[in-house]
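Residue-level structure breakdown
Letter by letter, the chains look like this.
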Amino acid sequence: MEAWRLADDMNDAIDDFILCMKCSNDGKRFMQAKIQPRPFQDLKRRAVDVCERCHNKWKTETSHTTFSSFFSRTKTTVDSGPGKRRTRVIDPYVHKDISELVRMENPRDMLIDHLVGEEENTPQLKMACIVGAAGMGKTTLARLVYEAIQDQFQAQAFVSVTSSRNMTELLVSILQQVTADSTDVLLAGTKASTKNKHLIGIISNFLKDKRYLVIIDDIWHYGEWETIKKSLPDNDLGSRIVTTSRLNAITERWRDDFDTLVHKFSHRNYGSEVQAMIDGEGFAPDHPIVDMCAGMPLAGACMMSVLAKEQEQQGQWCVLSTRDVQDRIFEQVTRNGIQNTPGFEPLVESLELGYNDLPHHMLKTCLLYCSIYPEYQNFKRDHWISRWIAEGFVCKEEAAKDYFEELVNRGFIIDDSLHPMMPNYLRCKLREHNFITCSSDIQSSPVGRLCIDHWSASNDAVDPLSGIDDWHHIRSLVVFEHAERVPYKHLENLRVLDVQCNPVLENQHLKDMCGLLRLRLLRLCGDGISKIPADIGRLKYLETLQVTETKITRLPAEIGDLKQLKTLEVTWNQELAELPREIGNLQHLERLRIHGTRIREQAWEIIGTLKKLKTLDVRENPELSWIPRDIGELQQLKNLDVSRNRGITELPKEIGKLLHLETLNVSGTGIKELPKEIGELQQLKTLNLNKAFGITKLPRDIGRLQNLEELNLLETKVRKMPREIGGLNKLKNLDAEIGTLPFEAGQLSKLEGLPKCVHKAWKNSDLVSSLAGKILSFQKSCYLIGDGGLVVGTKHMHIPRWIKEHFNRIGTLDIRICKLEEQDLKILREMPYLWDLTLRFEAVPRKTIVISSGGFAKLQILTVDCRVPRITFQEGAMPSLENLTFEFQFYGGPPNTDPPMGIKHLVSLEEVSFRCNQYYRGDIPCISTTIDVVTKELGWPASAESSEGSSEASSSGANEIEKIVVLRRPASAESSEGSSEASSSGANEIEEIVVLRRPASAESSEGSSGANEIEEIQA
């Protein structure tokens, strides 16, 4: 901290020197207004003294450490002493494993299936990787997989990088587990300098002819994996490797090593389960202590431990309600932190590992700074970057962006915020390093950085601000409450002033703030502000000005004097209607945000003069109804947001001139199409079209966006993706209400939800050649069953063999065929994960198709699209089938009655539907005849009119099914278009549907007197 204070004093001295300068009479140079003593010699002396002491301390601490270890992760940076072995912390009050507290069956089975499933048990070396933030259960999941499959391998090892002192110990651990030989004998005579190389050779030689399973837990750096990988031979014997890590960047590189499946944990995975887990232990679900766990299983387990300890202690003295115990726990955690609350040791250890492993001290500084903001307050990347730069933690914006991405990569920042447990953990670190002082925890003075948070303002409460003797030393101030009690005029050295939403902040406070000449960042928020004083122009150093949620109606012309201003944000000021022309003088301005205002279209003329602008945000501005064509003149623009402006109906073609644009958000606008010039935006990473209802298709030029990573098409009318989407090589996230994607999208290896079988298919050049010209599309893997889905739009005589050979694990299949014979049924019934099957017959089957018992173990939905549904179900057929649909594109005659359809043999059937295309009525003879045949076989009512006695039959125990007729008509062209998901497979639009449903119970049948009711539902 002494170095920090020295740096602050140096900055003050430089500011003082510059502020005393004035322009000479000839205007060619600057000179001091008055001679003042210069402090630079004293600062130099202090700097030399600090440097020498730091150097001596560094020599002492590193006397037993090699120089190279400072550039690689070692345990001495994490453990409390050299050579100390970290063991897992076990708390006696946590009686259950995390796997017993939250459900891990699905991810466990998915990983097992990838590694040793019947179809996946190939001889090639394969990997699985588990990635997620601290406390998510990565190690637990890896252990579950290991215990389930270890007996299938000749050699096994489960090692932890964190629990090992160094790489030598890790390799020794692998060797000890895969071989029974003594490692001392094997390593006898080996020099220390070559021990790792020797170990790698021994392990590799031992495993080269064995099928092995190795779990490597908690990898922190890719270099660690590179070393370990050398010892694991690719021997084509079906060996498997599983790794876990907190770092996303490492797992991205693993995708290219072998056939790797990456399973990502997120707090959304276990949000409801952790909540239910804690509720089940008696916690009040609405208590803030429950919210702190927020989808982190380890946090939930520790919270249960804390509750058990507190209840045991209280049980010795008195009986308290669970609510009272929770209040005590919350008070203790808030006051002392989880580091000093018994029961949280396992979580603290996990968080400590991640914090200590941060590779640069400035990363820790930036992370600590984030902790002063409430966990519920989400900020975008630019918010943190502007503050880190203003605080002096980082000098350049690019470096700050790298820091932010590193914190995201390591799981500290998730969805633009910290996990609720992190601020609590980091607040203790703030006190430990005396880095930022919170008003609720003022212990000493002077204070360099101050956060005024909540404290009791009652008459008998001690004012914590009274403990500050000298406000002069404060360089950074963040105010959440009591803004009126701050003596702003005494903060002459202040560089950062962030006043969060404070209704007590008034105009007179701003006058004092305008005298803080060293300010780099000023944020004002509060509806007590109605005017920005002209003195704002005195803040010559100001780089960031944010004025939000006030009642200002205009900005002063003097704002144009802020020549160093880089960020101007005047958002959610709903009475602000214009920008002063003097803003055009801000030629260093890089970010302009005016969303949530009523600034008129004349502002475009001013905005067009800001040639260095990189971010422009004009969303939610009802006065804007167009984007000018000269938008293309802002050549440096990287982020453009015009969302939620329904008046904007056109995106000018000049948008293609913004060659540096990375983010384009036109969601919620009235734009009807994207210009083909969109393809010129080669740097575009994010394109958001959400709720742009007028957009019906994407231009083919979309495929030229080589750097596009995110594409949002939710709530648009886009129902078909162009095949050129296969050119979006970096696409990761595609949010769309599109049932299928063109087969060419299978080349997008980074696309979330991409079926593994489709991606594999694109690596098989022979298969790709054989499928050329076929109409294929696929569904993303968004269900727990199966590996995505496939829609085969080209008609085939039979089920093609390539489906069995390359797509046998899909969950859904929609296919056009001419015949369905026994060899075809054999392929279908042996597909292990098939749960939704659609058969579209190009011709009426000459013979009845017989579905016998056996196979179709997971099939739940069957759709038969045929002019004459000649199909018979034998006893035991399709045991899991719940929904059966008959579609009629053309009328070909009644169904078979000899042999009968045998629908009664479908023991799990819950619903039968009859659909016809838009040119038929649901009650025409051909459809009603088919319905009668089916209902007759089942003993169901033949028609709605004749089903009045169905409730009587149900109450007498007959297995009757209530018949409900649903007329489903497209309410508009939009819904009609949206109903044609299967058009790629040749299905016409379906307009009407008749549904037969099984009642849940006899009671529900009795209660439904409307068995013959007709209900109309929009598609």
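Residues numbered from 1 in each chain as written. Predicted model: local features only at pLDDT ≥ 70, side-chain atom pairs only at ≥ 80, totals over all residues. Heavy atoms only, no water.

Applying the stated rule across the entire model yields 39 salt bridges. For the salt bridge of Asp109 with Arg108, the shortest nitrogen-to-oxygen distance reads 3.1 Å. Taking the relative accessible area as the measure of exposure, Asp109 reaches 38% and is therefore partly exposed. Given the relative accessible area of 27%, Arg108 is considered partly exposed. Here the residues in one salt-bridge network are Glu397, Glu398, Lys401, Glu590 and Arg591, joined through shared partners. (Salt bridge = Lys/Arg side-chain N within 4 Å of Asp/Glu carboxyl O. Buried < 20%, exposed > 50% of the residue type's maximum accessible area, 1.4 Å probe, protein only.)

Considering all chains together, one arrives at eleven aromatic pairs under this definition. Ring centres 5.9 Å apart and planes at 85 degrees place the aromatic pair Tyr373 and Phe480 in the edge-to-face group. Of this pair, Tyr373 sits in the loop between helix 16 (361-370) and helix 17 (381-391) while Phe480 sits in the loop between strand 12 (476-479) and strand 13 (496-499), and the two are 107 residues apart along the sequence. This pair shows no difference in class: Tyr373 is buried, exactly as Phe480 is. Summarising the aromatic geometry, the rings of Phe393 and Phe435 are spaced 5.7 Å apart at their centres and angled 45 degrees between planes, so their arrangement reads as tilted. Taken together, the positions of Phe393 in the loop between helix 17 and helix 18 (397-409) and Phe435 in the loop between helix 19 (421-433) and strand 10 (437-438) put the pair 42 residues apart, joining distant regions of the chain. Among the residues examined, Phe435 registers a relative accessible area of 5% and is labelled buried. Following the ring pairs from residue to residue traces out a cluster consisting of Tyr369, Tyr373, Trp384, Phe393, Phe435 and Phe480. The ring centre of Phe153 lies 4.4 Å from the NZ or CZ of Arg211, which sits over that ring. The residue whose ring lies beneath Lys364 is Tyr355, and the NZ or CZ to ring-centre distance is 5.2 Å. (Phe/Tyr/Trp six-rings, centres within 6.5 Å; stacked < 30°, edge-to-face > 60°. Helix = DSSP H or I, 4+ residues; strand = E, 2+ residues; numbered from the N terminus. Lys NZ or Arg CZ within 6 Å of the ring centre and 35° of its normal.)

Here the focus is the packing of helix 4 (residues 105-116) against helix 5 (residues 138-149). A pair of packed helices is characterised by two quantities: the angle between their axes and the separation of those axes. Interaxial distance between helix 4 and helix 5 falls to 10 Å at its minimum, and their mutual angle equals 50 degrees. The angle between helix 4 and helix 5 falls in the class oblique. Like other packed secondary-structure pairs, helix 4 and helix 5 cross with a definite hand, here right-handed. Contacts from Pro107, Arg108, Leu111, Ile112, Leu115 and Val116 of helix 4 reach helix 5 at Leu141, Leu144, Val145, Ala148 and Ile149. Across the contact of helix 4 with helix 5, the residue classes break down as ten nonpolar, no polar and one charged. (Axes fitted to C-alpha atoms, helices over the stretch in contact; angles between N-to-C directions. Parallel < 35°, antiparallel > 145°, perpendicular 65-115°, else oblique. Left-handed = near helix turned anticlockwise from the far one by under 90°. Contact = heavy atoms within 4.5 Å. Nonpolar A, V, L, I, M, F, W, Y, C, P; charged D, E, K, R; others polar.)

A few words now on the environment of Gly515. In this fold, Gly515 is placed in the loop between helix 20 (507-513) and strand 14 (521-525). Note on Gly515: relative accessible area 33%, which makes it partly exposed. For the pair Gly515 and Glu492, spaced 23 residues apart in sequence, the C-alpha to C-alpha distance is 7.6 Å.

Turning our attention to the side chain of Lys429. With respect to the helices and strands, the residue Lys429 is situated in helix 19. Beyond its immediate sequence surroundings of up to four residues, Lys429 is in contact with Glu352, Tyr355 and Leu368.

Moving on: the pairing of strand 3 (residues 126-131). For strand 3, the buried fraction is high: six of the six residues fall into the buried class. The sheet contact formed by strand 3 and strand 6 (residues 240-245) spans six bridges and is parallel. Among the inter-strand pairings, Ala128 is bridged to a residue of strand 6, identified as Val242. (Pairing = 2+ DSSP bridges.)

When the terminal C-alpha atoms of helix 4 are compared, their 16 Å separation across twelve residues agrees well with the 16 Å that a helix rising 1.5 Å per residue should span. Along helix 4, the positions that sit buried rather than exposed are Pro107, Leu111, Ile112, Asp113, His114, Leu115 and Val116. (Expected span 1.5 Å × (residues − 1).)

What follows deals with the pairing of strand 26 (residues 789-796). With six of its eight residues buried, strand 26 lies for the most part within the structure. In this structure, strand 25 (residues 776-779) lies alongside strand 26, joined through four bridges in antiparallel fashion. Bridging from a neighbouring strand, Leu776 pairs with Val792 of strand 26. Bridge analysis of strand 26 against strand 27 (residues 812-817) gives five bridges, and the strand direction is parallel. Considered in strand 27, the bridge of Val792 is made with Ile815. The parallel pair strand 26 and strand 27, bridged by helix 24 (residues 801-806), forms a crossover whose chirality is right-handed. (Right-handed = clockwise from strand over helix to strand, strands pointing away.)

Here we take up helix 18. Over its 13 residues, helix 18 runs 18 Å from end to end, which matches the ideal 18 Å to within 8%, given 1.5 Å per residue. Two residues or fewer after helix 18 comes Gly411, characterised by a positive phi angle close to 80 degrees.

Right, let's talk about the packing of helix 6 (residues 167-178) against helix 9 (residues 222-229) for a bit. Where helix 6 contacts helix 9, the axes come no closer than 11 Å and their chain directions differ by 40 degrees. In terms of axis orientation, helix 6 runs oblique to helix 9. The handedness of the crossing between helix 6 and helix 9 comes out as right-handed. The segment helix 6 lies against helix 9, with Met167, Leu170 and Ile174 engaging Glu224, Thr227 and Ile228. Looking at the contact of helix 6 with helix 9, its residues break down into four nonpolar, one polar and one charged.

That is the geometry; function is a separate question.
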